[in-house]
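# Structural description and commentary
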Amino acid sequence: MSSDSLPALPESRIVLGCGGISVDFLAAVAAYPKPDDKIRSTSLKVQGGGNAGNSMTCAARLGLNPRIISKIADDSQGRSILEELEADGVDTAFIVVSKDGNSPFTYVIVDNQTKTRTCIHTPGYPPMILDDLSQSSLLSALDGVRIVYSDGRLPEIALVVAQEAYRQNIPILIDAERKREGLDDLLKLASYVVCSAKFPQAWTEAPSIPSALVSMLLRLPNIKFVIVTLGEDGCIMLERSTNAPVSEETDVDSLLETLKKRKDDAIAIPKCFSSSLTKLRANGIGTVNGRLFVGTVEKIPPPELVDTTGAGDAFIGAVLYAICAKMPPEKMLPFAAQVAAASCRALGARTGLPHRSDSRLAPFLL
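Residues numbered from 1 in each chain as written. Predicted model: local features only at pLDDT ≥ 70, side-chain atom pairs only at ≥ 80, totals over all residues. Heavy atoms only, no water.

## A short note on helix α7 (residues 209–219)
- Taking burial as the measure, the 11 residues of α7 include nine buried ones, the bulk of the element.
- Buried within α7 we find Ile209, Pro210, Ser211, Ala212, Leu213, Val214, Ser215, Met216 and Leu217. (Buried < 20%, exposed > 50% of the residue type's maximum accessible area, 1.4 Å probe, protein only. Helix = DSSP H or I, 4+ residues; strand = E, 2+ residues; numbered from the N terminus.)

Here is the structure:
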């Protein structure tokens, strides 16, 4: 599709990512090996990876201008990481390059039978430390930025970046994959959170995902919305309302079940179902004014589903674009689901990431 027929790019589209970048060694296998097995791969790919690297690559392909703060070594893997990011239009000026040590890398085993992937990560050395990021570099990295993103890695660096962004009133999106050192401090500064399926209940100890989302909004007063991604089951989003108080209370678990009943399994493209503005009650936890959303995913035919590596990073890259483009949640969630689905149709986190001009995205951008 020609770029002329698409809506204009967001006016403010510089995004800053802070976190993991690496090289992924991906091997697809017919079935996951048993101990002491010797098997052959069905396909092999070596490409850039890491949550922040993948999300910023996705954002760049969608038309944003991403920058990234991270650290690599001056080795062949580090050089390939830089080359790949730069080729996609990611600004690598704030990536620290160590003369010695090793760049981060990950072995990824993709099981063709179960459509799952197993990751074995080797961190980079030496690790990034506060002295690697001067105050002048930090201010340059944040200059003109619309939104800051952190994947929760490099916690000391991420906190310094987030604190300065917060001071400058730049919104912050946190990828809460699992409980990590320093993550609580980042969440307190966040405007938006995207979580893995297990995180909300692990973090809040609430009895259900919807009640956990209510608990998160109550504990984190700066949060505008929180999304939990559920793989093939789509996503759930809770958006806080700052409008006038709502008197009518609704049980959040019951409301989720009501929204789920509106889903039509015969529809293959991503959709979004939302509640009206209400006071959402989580028993024993409290109430929050807002709206609950349920997002569905594209139903990918099994032969087309190749690899789910990086699907969550693709989703976040699309959410960053949606925030910059001021998309309402009803548009943002199907758009992000479509971008994530495209990424699952090729081996590796980045191979299938769509460009803005991809015809599959047009219905979601117009």
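There is more to say after this.
## Some points on unusual backbone geometry
- Geometrically, the link from Tyr125 to Pro126 is a cis peptide bond, its omega value of 0 degrees lying close to zero.
- Mapped onto the secondary structure, Pro126 falls in the loop between β7 (116–122) and α3 (135–142).
- Positioned with a positive phi, Lys115 is a non-glycine residue whose angle comes to about 60 degrees.
- On the secondary structure map, Lys115 appears in the loop between β6 (105–111) and β7.
- Accessibility expressed as a relative area gives 29% for Lys115, which makes it partly exposed.

## Looking at the pairing of β7
- As paired elements, β6 and β7 share seven bridges and run antiparallel to each other. Residue pairing in the sheet places Ile109 in a bridge with Thr118 of β7.
- What sits between the antiparallel neighbours β6 and β7 is a turn of four residues, in which Lys115 has the positive phi angle 60 degrees. (Pairing = 2+ DSSP bridges.)

## Side note on the environment of Gly234
- Within the element layout of this structure, Gly234 appears in the loop between β11 (225–229) and β12 (235–240).
- Assessed through its relative accessible area of 6%, Gly234 is described here as buried.
- As for Gly234 and Ala337, which are separated by 103 residues in sequence, their C-alpha atoms are 7.6 Å apart.
- Excluding its chain neighbours within four sequence positions, the residues that come into contact with Gly234 are Val228, Thr229, Gly295, Thr296 and Val297. (Contact = heavy atoms within 4.5 Å.)

## Side note on the side chain of Arg180
- Considering the arrangement of structural elements, one finds Arg180 in the loop between β9 (172–176) and α5 (183–189).
- Using a relative accessible area of 19% as the deciding quantity, one classes Arg180 as buried.
- There is a polar contact of 2.9 Å between the side chain of Arg180 and the side chain of Glu177.
- Once you skip the residues sitting within four places of it in the chain, Arg180 turns out to touch Asp151, Gly152 and Arg153. (Polar contact = N/O pair within 3.5 Å; in protein donor to acceptor, adjacent residues only side chain to side chain.)

## Overview of the packing of aromatic side chains
- Taken as a whole and judged by the stated rule, the model has six aromatic pairs.
- Ring geometry for Phe105 and Tyr107: centres 5.7 Å apart, planes at 75 degrees, overall edge-to-face.
- The class of Phe105 is buried, set by a relative accessible area of 16%.
- Looking at Tyr107, the relative accessible area reads 43%, which means it is partly exposed.
- Each ring, one from Tyr321 and one from Phe335, has its centre 5.6 Å from the other, and the planes form 50 degrees; the classification is tilted. Placement of the pair is Tyr321 in helix α9 (residues 311–324) and Phe335 in helix α10 (residues 329–343), with a sequence separation of 14 residues. Both residues of the pair, Tyr321 and Phe335, count as buried.
- Among the aromatic side chains, those forming a connected cluster through ring pairs are Phe25, Phe105 and Tyr107.
- Above the plane of the ring of Trp203 lies Arg219, whose end atom (NZ or CZ) is 5.3 Å from the centre. (Phe/Tyr/Trp six-rings, centres within 6.5 Å; stacked < 30°, edge-to-face > 60°. Lys NZ or Arg CZ within 6 Å of the ring centre and 35° of its normal.)

## Topic: the packing of α7 against helix α8 (residues 252–260)
- The contact between α7 and α8 brings their axes to 8 Å, and the two run at 125 degrees. Our classification of the angle between α7 and α8 gives oblique. When you trace α7 past α8, the crossing you get is right-handed. Contact residues: α7 offers Pro210, Ser211 and Val214, while α8 offers Val252, Asp253 and Leu256. (Axes fitted to C-alpha atoms, helices over the stretch in contact; angles between N-to-C directions. Parallel < 35°, antiparallel > 145°, perpendicular 65-115°, else oblique. Left-handed = near helix turned anticlockwise from the far one by under 90°.)

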